[in-house]
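Here is what each chain is made of, one letter per residue.
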Amino acid sequence: MQNLLKIFVVLAVILTGNTAHAQSGMNSYQQAALAGQEAANKGDHATAFAQYKIACFDGNIAVTCNNLGSMAYRGTHVAKDLPLARRAYAKGCAADIPASCDVYGRMLRDGEGGPKDIGASLGPLTKACEGSRSSACYNLGFLHYAGNGVSADLVKARRLFDKACSGDNVDGCYGLGLMAQAGQGGAVDLASAASAFEKSCTKGKADGCLNYGNALYGGEGVKQDRATARAAFAQSCNAGAVGGCMNTGILARTGDGGPVDLKMARRFFGYACKLGNQDGCNEARSMPQQ
């Protein structure tokens, strides 16, 4: 969730250099918006919330709707109120605020604060994606990939995952990598797949590191580098991927991609065991104690 947006009407104060003079030229709703922002800046969240409600629902000042929605959705120093958040975000989205459209679309998709309506979520998510909200591009891409609420369209899904990845969305990068690897929604492109997996790995995606390690190990779409593959597998394991733990253990035991390290092998097999993999448990027990 993004931080609260600043209220645009405060520019009136900056331009005049006099708060009282600026407020005298505003209508009551603009004054409520300004009062809400000033209260938020002072940590008076109850007043901010009350003033944002006036400015949003009565005054149609869209940016205050986004602020109101954020407070109500997260329960930021006020009572969490998902129906109110949904109403506020709907108004913000109607005024083309990408952040509002992003959350409103997800609320419609998931049935938060009101009925679930996946079909109705497509419009807000599209607006948000076009407004450079990478999370919306990923969510929209997944709906097209799965054919959920819309006809499946793998070409469009791949394009949306690509856009999400360009905006540093980790799941978008991972989805793009899988589709490029499998040739879904376009040609097989192992170089693009490896690049997308690497990007998702750098942002902490466990399976992204596992797939990037596989690409490095086999030289698929990237120059073969088994030492870096071993490191990627270890990173994958540390992020919770069982496959990364097993692969690291195997490479450490055989000396592939680095020196033989039986202590390391036993440790990573043990990690796999702790994650519920019986093969990891068996391998860890079979390793000589040092």
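## Examining the overall build of the chain
Right, on to step 1. Each helix and strand in the chain was counted, giving 17 helices and zero strands.
Right, on to step 2. Whereas a compact globule of 290 residues would reach a radius of gyration of roughly 19 Å, the chain reaches 25 Å, over 25% beyond that.
Right, on to step 3. Taken along its principal axes, the extent of the C-alpha atoms in the chain is 80 × 45 × 35 Å.
Right, on to step 4. Every one of the 290 residues in the chain was classed for burial, and the buried ones make up 42%.

## Considerations on the state of the cysteines
Right, on to step 1. The full count for this structure, using the stated rule, is seven disulfides.
Right, on to step 2. Across the disulfide from Cys93 sits Cys101; the S-S distance is 2.2 Å. Taking the torsion about the sulfur-sulfur bond, which here is approximately 100°, the covalent link between Cys93 and Cys101 counts as right-handed. The pair formed by Cys93 and Cys101 is uniform in burial state, with each residue classed as buried.
Right, on to step 3. Note that Cys129 is cross-linked by a disulfide to Cys137, the S-S spacing being 2.1 Å. Residues Cys129 and Cys137 share a disulfide whose torsion about the S-S bond is about 100°; that sign makes it right-handed.
Right, on to step 4. Taking the relative accessible area as the measure of exposure, Cys137 reaches 1% and is therefore buried.

## Section: unusual backbone geometry
Right, on to step 1. Its identity is not glycine, yet His77 carries a phi of approximately 65°, on the positive side.
Right, on to step 2. Along the polypeptide, His77 turns up in the loop between helix 5 (62-74) and helix 6 (82-94).

## So, the environment of Asn238
Right, on to step 1. Residue placement: Asn238 occurs in helix 14 (residues 226-238).
Right, on to step 2. Placed 42 residues apart in sequence, Asn238 and Ala196 show a C-alpha to C-alpha distance of 20 Å.
Right, on to step 3. With residues near it in sequence (within four places) discarded, Asn238 still touches Phe268 and Tyr271.

## Considerations on the side chain of Arg109
Right, on to step 1. You can see Arg109 is positioned in helix 7 (residues 98-110).
Right, on to step 2. Overall, Arg109 belongs to the buried group, its relative accessible area being 18%.
Right, on to step 3. Side chain to side chain, Arg109 and Asp110 meet in a polar contact 2.8 Å long.
Right, on to step 4. Residues in contact with Arg109, not counting those within four places in the same chain, are Lys116, Asp117, Ile118, Ser121, Asn139 and Leu143.

## Considering the confidence of the model for the chain
Right, on to step 1. Residue-level pLDDT values for the chain average 91, and 91% of them are 70 or greater.
Right, on to step 2. pLDDT under 50 marks residues 1-22. Its contacts with residues more than four places away, or in other chains, come to 42 contacts.

Calculation criteria
- Residues numbered from 1 in each chain as written.
- Predicted model: local features only at pLDDT ≥ 70, side-chain atom pairs only at ≥ 80, totals over all residues.
- Heavy atoms only, no water.
- Helix = DSSP H or I, 4+ residues; strand = E, 2+ residues; numbered from the N terminus.
- Rg over C-alpha atoms; globule rule 2.2 N^0.38 Å.
- Buried < 20%, exposed > 50% of the residue type's maximum accessible area, 1.4 Å probe, protein only.
- Disulfide = S-S within 2.5 Å.
- Contact = heavy atoms within 4.5 Å.
- Polar contact = N/O pair within 3.5 Å; in protein donor to acceptor, adjacent residues only side chain to side chain.
- pLDDT = per-residue confidence, 0-100.

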